[in-house]
Amino acid sequence: PVAQRARDTGATKIATIGKNQTAEALTDKYVKQTLKCLQKCYEENDRKPLCYFTFVIDPDSFGKTVEAMFHVSFLIRQRTATLSIGKQGLPVLYPNKKEDMDSDSSDEEGGGGDSGSIDQAVINMNICDWENIKDCLGITEKMIHLD
């Protein structure tokens, strides 16, 4: 019985690690796809920063909006995208150039780059906020399309 429990526990740990690795690989895939969408939308917007909310909000799905916010948070943390406050007081988002990602990563203050940029942000959104923001900004189509 003890040996059987040990084998069962080992099998459970292996299965759990496998599931976690699969989830991480899927998240990584979606983060990369989100970056491609950001780069495409940025180019289509004449290389001007995009409204963060317009980019992440899926007007048909609160859950997909939260997922998009999660994936964008990885882009910001990895410095492949920059989040800052735009002229209208709303957060704006744009992809970084490769050279921007390689430089400034070990500044004394832990940041670097544009002083108005944000290294990490927590943006709370509940379903009521989601409804209000999509209505106020007139968001009728999602910008992020994942496989």
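Residues numbered from 1 in each chain as written. Predicted model: local features only at pLDDT ≥ 70, side-chain atom pairs only at ≥ 80, totals over all residues. Heavy atoms only, no water.

### Points about the packing of aromatic side chains
One pass over the full model with this rule turns up three aromatic pairs. Summarising the aromatic geometry, the rings of F62 and W130 are spaced 5.9 Å apart at their centres and angled 65° between planes, so their arrangement reads as edge-to-face. Highlighted residues: F62 in helix α3 (residues 62-77) and W130 in helix α5 (residues 127-136), separated in sequence by 68 residues. Here F62 falls in the partly exposed class, since its relative accessible area comes to 23%. Each ring, one from F70 and one from F74, has its centre 4.9 Å from the other, and the planes form 85°; the classification is edge-to-face. With F70 and F74 both in helix α3, this residue pair falls four residues apart, about one helical turn. (Phe/Tyr/Trp six-rings, centres within 6.5 Å; stacked < 30°, edge-to-face > 60°. Helix = DSSP H or I, 4+ residues; strand = E, 2+ residues; numbered from the N terminus. Buried < 20%, exposed > 50% of the residue type's maximum accessible area, 1.4 Å probe, protein only.)

### Examining the nonpolar core
Within the largest apolar cluster, 25 residues are counted, with the highest numbers of intra-cluster contacts made by Y52, F55, V56, I57 and L93. Within the residue set of this core, elements represented by two or more residues are α1 (2-44), β1 (50-51), α2 (52-56), α3, β2 (81-85) and α5. Apart from residues lying up to four places away in sequence, L93 is in contact with L38, P49, L50, Y52, F55, V72, I76, A81, T82 and L83. (Core = buried A, V, L, I, M, F, W, Y, C linked by side-chain atoms within 4.5 Å. Contact = heavy atoms within 4.5 Å.)

### Here we look at the state of the cysteines
Inspection of the entire model under this criterion finds zero disulfides. Note on C41: no disulfide assigned, nearest cysteine sulfur contributed by C37 at a separation of 6.2 Å. Owing to a relative accessible area of 10%, C41 belongs among the buried residues under this scheme. (Disulfide = S-S within 2.5 Å.)

### Some remarks on the pairing of β2
A large share of β2 lies buried, amounting to four of its five residues. Where β2 and strand β3 (residues 91-95) come together, five bridges link them in antiparallel fashion. Bridged to A81 within β3 is P95. The turn linking β2 back onto β3 is made up of five residues, and G89 within it adopts a positive phi angle of 85°. (Pairing = 2+ DSSP bridges.)

### Comments concerning α5
Among the residues of α5, W130, I133 and K134 are the ones counted as buried. Taken end-on, α5 shows its buried residues confined to a sector of 95°, consistent with a single buried face. In α5, the exposed positions that point more than 90 degrees away from the buried face belong to D135 and C136. Residues of α5 that are buried sit in contact with α2 and α3. For α5, the side-chain oxygen to backbone nitrogen distance between the N-cap and C128 is 3.0 Å, and the N-cap itself is N126. G138 occupies a position one or two residues after α5 and carries a positive phi of about 65°. (Arc of directions from axis to C-beta. Polar contact = N/O pair within 3.5 Å; in protein donor to acceptor, adjacent residues only side chain to side chain.)

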